[in-house]
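This is what each chain is made of:
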Amino acid sequence: MPTKTNVASKNFMASADMTDAPITDQLRSLARGEEPLSTNEARKLLQAALSHASNRTVQRAAEMITEAEDASCTADLVKAYWRLKRNPLKKDPGCLGKTAIVKALVQIEHADMEVFRDGITYKQIEPHWKGEIDTAAELRGACAIGLVHFAPAMEVLNRCAVLLCDAWPEARLGAAQALGTLGQVDAAPLLRLKLLTGDSQAEVHGECCSALLKADREEGLAFVQTFLTSHDADQCVQTALALGEARLPGTFDILRSVWGRRAELNVRESLLLCIGLLRTTESQDFLLSLVDKRDIRTAADAVKALRLNGPLGDLRQRTEAAVEATESDALARVFREEWLD
């Protein structure tokens, strides 16, 4: 009697016959099926996709390897990277294939640093309707993250110092993420300098805040919180998000105080969501106290923020009871949309 695994394998083989269907269709079948990527048939398909002429096919194969965290195709990923670097504007427009490959190598913790050291300085300038664009910026940032676990800390710091000044935000973002992953206090001065000099992209600012809170927990909180008073609303929100995700002691009082002082409705909503990320008793009690019929908008923001805590204990019932006490149909709709699966 055939087993479920045998049936799945036969179905996969029928839908992924290398001679009967385009390789893109086979990849879709593999993504939908129950067959693990570690089987010989799946591995052969991924190997073929990584050597395909279409960089989008290479990209999809690398993304599937990333999702599965499967290291069985490591050698093929590396080979594909170097192949796409030859005549890159023709073979890999948009740097899609190489970037996906590097992300896969980072995910499977590839220890050979040759690709990462090559990619962290690589640029691919392509024509764009606005002029020229460097499509390798995200690749450089990903390579910085790849170096963290295998390169000396000083090399990571030096390379990230360069990337933090990169002209393209994707590279700067990757550098900040790499320093956060490094998590060493030696990265703190570099991150403080970057935060003080500023960045045109609020997301980069937020990632630098997150990295500093990981690198220097004791001093980082006091430094980062100063940016909550920024006149730039996006910078304030990104700072709060970093604080909410870090969940360091004392963060609740900081965020609650800032929420009380900011007048912008969108910023106040975001600050409550960041308070929701803390998932502490005091943050939950505060948010529940805001579910009041006198201010339905704030109450709705609080209900959304409470949902970030997940179904912890009786929190759902407490939230529902608070909503019902307002007798607001609009707030009841918000609760149903947020809490009812």
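Residues numbered from 1 in each chain as written. Predicted model: local features only at pLDDT ≥ 70, side-chain atom pairs only at ≥ 80, totals over all residues. Heavy atoms only, no water.

A short note on the overall build of the protein
Going by this rule: Helical segments are the DSSP runs of H or I of at least four residues, strand segments are the runs of E of at least two, and each set is numbered from the N terminus. The classification of residues rests on relative accessible area computed with a 1.4 Å probe and restricted to protein chains. Under 20% of the type maximum is buried, over 50% is exposed, and intermediate values are partly exposed. The criterion used for residue contact is that any of the two residues' heavy atoms lie within 4.5 Å. Using the Shrake-Rupley algorithm and a 1.4 Å probe, accessible areas are obtained, with residue cover drawn only from the displayed protein chains.
On a plain count of helices and strands, the protein comes out with 21 helices and two strands. Along the three orthogonal principal directions, the C-alpha set of the protein runs to about 65 × 60 × 40 Å. Taken over 341 residues, the protein has a buried fraction of 48%. Within the protein, residue pairs in contact and separated by at least 24 positions form 63% of the contacts whose partners lie at least 6 positions apart. Taken as a whole, the protein presents about 17,100 Å² of accessible surface, with 51% of it coming from carbon and sulfur.

What about the pattern of salt bridges?
Where charged atoms from two side chains of opposite charge come close, those side chains can pair. Defined as follows: The term salt bridge refers to a side-chain nitrogen of Lys or Arg lying within 4 Å of a carboxyl oxygen of Asp or Glu.
Considering all chains together, one arrives at 19 salt bridges under this definition. Linking R28 and D25 is a salt bridge whose minimum nitrogen-to-oxygen distance equals 2.6 Å. With R28 and D25 both in helix α2 (residues 23-32), this residue pair falls three residues apart, about one helical turn. Relative accessible area serves as the criterion here: at 48%, R28 is assigned to the partly exposed category. In this structure, E269 engages K304 in a salt bridge whose closest nitrogen and oxygen atoms are separated by 3.9 Å.

Brief notes about the state of the cysteines
Chemically, a disulfide is nothing more than a covalent bond linking the sulfur atoms of two cysteines. This is how the line gets drawn: Cysteine sulfurs are considered disulfide-paired once they come within 2.5 Å of each other.
Under the criterion given, the structure shown has zero disulfides. This cysteine, C160, is not joined by any disulfide, and C208 carries the nearest cysteine sulfur, 10 Å off. Of the cysteine sulfurs around C274, a residue in no disulfide, the closest is that of C236, at 8.5 Å. Residue classification places C274 among the buried residues on the basis of a relative accessible area of 4%.

Things to note about the nonpolar core
For clarity, the threshold we go by: Think of a nonpolar core as a cluster: buried Ala, Val, Leu, Ile, Met, Phe, Trp, Tyr and Cys residues, connected wherever their side-chain atoms sit within 4.5 Å.
Ranked by size, the top nonpolar core spans 103 residues in total, and within it L77, I101 and L255 carry the most contacts. Discounting chain neighbours no more than four positions away, the residues touching L77 are L50, A62, I65, I101, A104, L105 and I108.

Re the pairing of strand β1 (residues 125-128)
Formally: A pair of strands counts as paired when DSSP detects no fewer than two bridges linking them.
Of the pairings in the sheet, the one linking β1 to strand β2 (residues 131-134) comprises four bridges and is antiparallel in character. Looking at β2, one finds that E126 is bridged to I133.

Let's talk about helix α7 (residues 96-107)
Since one α-helical turn is 3.6 residues long, residues separated by three or four positions face the same way. Filter applied, for reference: How far a helix is expected to stretch is found by multiplying one less than its residue total by 1.5 Å.
In this model, α7 (twelve residues) spans 17 Å end to end at C-alpha, consistent with the 16 Å of a helix rising 1.5 Å per residue. Taken together, the buried positions of α7 are occupied by G97, K98, T99, A100, I101, V102, A104 and L105. Immediately downstream of α7, the backbone of E109 shows phi near 60 degrees, a positive value.

So, unusual backbone geometry
Despite not being glycine, N87 has its phi angle at roughly 55 degrees, a positive value. Mapped onto the secondary structure, N87 falls in the loop between α5 (74-85) and α6 (88-91). Residue N87 is classed as partly exposed on the basis of its relative accessible area of 45%. Within the chain, R247 stands out as a residue other than glycine whose phi angle is a positive 55 degrees. Secondary-structure assignment places R247 in the loop between α15 (233-246) and α16 (251-261).

Structural notes on the environment of Q235
In this fold, Q235 is placed in helix α15. With relative accessibility at 16%, the residue Q235 sits in the buried group. Placed 38 residues apart in sequence, Q235 and L273 show a C-alpha to C-alpha distance of 15 Å.

Overview of the packing of helix α3 (residues 40-50) against helix α4 (residues 55-68)
Our working definition: Axis lines are fitted to C-alpha atoms, over the contacting stretch for helices. Their N-to-C directions set the angle, which ranges from 0 to 180 degrees. Oblique is the label for any angle not under 35 degrees, not over 145, and not in the 65 to 115 range, which are roughly parallel, roughly antiparallel and roughly perpendicular in turn. Note on convention: the crossing is left-handed when the near helix lies turned anticlockwise from the far helix by less than a right angle, right-handed when the turn is clockwise. Following the grouping adopted for this structure description, the nonpolar residues are Ala, Val, Leu, Ile, Met, Phe, Trp, Tyr, Cys and Pro, the charged ones are Asp, Glu, Lys and Arg, and the polar ones are all others, Gly among them.
The interhelical angle for the contact between α3 and α4, taken along N-to-C directions, is 140 degrees, at an axis separation of 8 Å. By the angle between their directions, the pair α3 and α4 is classed as oblique. Two packed elements cross with a definite hand, and for α3 against α4 that hand is left-handed. Each of L46, A49 and L50 in α3 lies in contact with α4, whose residues at this interface are T57, V58, A61, A62 and I65. Its residues placed into classes, the contact of α3 with α4 shows seven nonpolar, one polar and no charged.

Considering α5
The first and last C-alpha atoms of α5 sit 17 Å apart over twelve residues, in line with the 16 Å expected at 1.5 Å per residue. Packing partners of the buried residues in α5 comprise α3, α4, α6, α7, α8 (114-119) and α9 (137-147).

A look at the packing of aromatic side chains
Which entries qualify depends on this criterion: For this analysis, a ring pair means two rings from Phe, Tyr or Trp (six-membered ring only for Trp) whose centres lie within 6.5 Å, classed as stacked if their planes differ by under 30 degrees, edge-to-face if by over 60, and tilted for the remaining angles.
Inspection of every chain in the model, using the stated rule, returns five aromatic pairs. Each ring, one from F252 and one from F286, has its centre 5.7 Å from the other, and the planes form 70 degrees; the classification is edge-to-face. Here F252 is found in helix α16, whereas its partner F286 is found in helix α18 (residues 281-289), with 34 residues between them in sequence. Owing to a relative accessible area of 5%, F252 belongs among the buried residues under this scheme.

These figures capture arrangement, not role.
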